[in-house]
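Each chain, written out:
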Amino acid sequence: MYGIASDAGGNAIAVGKATDGAMLVQPVTPSGQAGTPLASAKGVGRAAAFGPNGKLYVAGTDDGMVVRRFNANGSVDSSFGTGGTARGAAGTGLAVALGPCGAIYVGGTAVGADGLPFAVVTRFSDNGSLDATFGTGGTAVVGVGKNSRVRGLTVQGDAVVAVGDTAPSLQVFDAYIVRLRADGSPDPAFNGGGVFYYYHPNGGAYSTFTSVTTDGAGRTVAAGAEVTSAGSSALFARLDAGGRPDGGFGTAGLQTIPATRSAGTTTPVGAAGVAVAGGGEIVAGGAYVDSGLRSPALYALTPSGQPDGAVGSGGVVLGPQLDSGSQINSLAVAPDGAVITGGETVSFVGDPTGAVGRFASFGTPPAAAACSGLPAIAGIVTSVITPPGSAGAPSGAPSVAPPATTPGAPTTAPPSGKPKLSAAKLKSRSITAKRGTTLQFALSAAADVRITVGRSLKGRKKRGGTCAKPSASNRGGSRCSYVEAVGSRTIAGTAGSNSVPVTAKVGRTTLKSGTYRLTLKASGGNSVTVTFTVRKR
């Protein structure tokens, strides 16, 4: 078992590889009872995460990078990708993270022309399609050199932070932390260039960050391992919002805890999963080696980065030694604060056996970030833009009265008891490349809302009355207007008023002048359409 996630009820889902070659997706109750594995195709599950409405996302490999989505009842979500599976780069998926507004990030590796792997992050839209506004065709190359990989991801607003290891020289592996902006490019404000590298001060041959999370203060917390002259150590780092080592954590932002005793190692042993529990306590799972015998280990640090002496022995809790060795590969904090771990035990003969553990509560974890916008798709961004005519707008900015829903816009009545969308309007229906507006709408109950952006274009009617782009085949048709899809995104709408910033920026590209249509569709409910125009200035 490689990855684990906890749902709102404290149930766990462990993912890995079954003996028959299928991707293992194994439910486990809070009491430790294994349920019936979810139906899955061939492949290997490497990471898992629960999203809105209890849906489960499993990232891994099946002749390439894949992410699969399951409904809350355990069935395959056939509306996602193709038959429940979305495919990314021709590589390996090792990590998954969900943005608060529907974006799905999968990190791992792809193979270069020289046959060596390089680190990549792929972003999918909520329907499983590749998000073309991110990187190239949905995939961003992390840019830390060849022989590199992404082993962990965390989302920070409209950016994603990736961690892993790289060995451009093919001799020494170094750990790294990188933050990518909404378009997939390195964030130059992060550590003054986009990347934080960790080099062992005594010239260690192997260091890696295997997992990463974001604490309640917006700081990056990474965990991993490094090889030292004395063996291996669990490695921890905390970076401030600017990507620089946090002086209030450990020693200059770093901390290590010995992970071996009476043993030398050539590959790092230490932490393989990290989470922030209640009160800022940092908890990581991994392994500890004593005289060649490997045990699962839980590492606990105080918010200041010191080993928590109140937990286990010097902040380390060792699990039972099973067969020839066992380890924790990932962990998650349940809503009640209990730590759930997923890993394996390895016998001298036969295949490894998956193992799920549960440790007493460390306190309720920080609440997940709420959706405050949409990351870099057509007409919609996460940054707050002052609408024309509002306080703080440039002097002389035109003031346009907020219009009602566009006259004549189609509105379908929702079935009884379903969420109802209403009061959809734009504070201004005219925007420029420098000045955006805000989309407002109301919901009768919390629901996912899909927002689709399309451009209105002039066309000609084909036989049968359908409007299409002018061509030789419809040369004699009457003039009409049609809508060309630009992009879409699903957000988690809340009951009552909602607002989403709207801009003319699409990644690095500015929308052309013209008329655009925003269609809002509540999951299981009605739809509403409003229009806006983009002008040069």
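Just above sits the structure.
Residues numbered from 1 in each chain as written. Predicted model: local features only at pLDDT ≥ 70, side-chain atom pairs only at ≥ 80, totals over all residues. Heavy atoms only, no water.

As a further point, take the sheet that holds strand S13 (residues 159-166). Pairing is antiparallel across the open sheet formed by 4 strands, whose spatial order is S12-S13-S14-S15. The open sheet terminates on both sides in strands that have one partner only, identified here as strand S12 (148-156) and strand S15 (195-198). Taking the axes of each pair of neighbouring strands and ignoring which way they run, one obtains an average angle of 15 degrees across the sheet. Where strand S14 (residues 174-180) lies against S15, 4 bridges are found, and the strand directions are antiparallel. (Pairing = 2+ DSSP bridges. Helix = DSSP H or I, 4+ residues; strand = E, 2+ residues; numbered from the N terminus. Axes fitted to C-alpha atoms, helices over the stretch in contact; angles between N-to-C directions.)

Okay, the sheet that holds strand S28 (residues 421-426) next. If you trace the 3 strands from one edge of the open sheet to the other, you get S28-S30-S34, paired in antiparallel fashion. One side of each edge strand has no neighbouring strand; the edge strands of this open sheet are S28 and strand S34 (496-502). On average, each strand axis in the sheet is tilted by 15 degrees relative to the strand beside it, whichever way the strands run. Of the pairings in the sheet, the one linking S28 to strand S30 (residues 437-443) comprises 4 bridges and is antiparallel in character. Bridging across to S30, Lys425 finds its partner in Gln440.

Once that is clear, we can look at the pairing of strand S3 (residues 23-28). Burial of S3 is extensive: 6 of the 6 residues sit out of reach of the surface. The pairing of strand S2 (residues 12-17) with S3 spans 6 bridges and is antiparallel. Of the residues in S3, the one forming a bridge with Ile13 is Pro27. (Buried < 20%, exposed > 50% of the residue type's maximum accessible area, 1.4 Å probe, protein only.)

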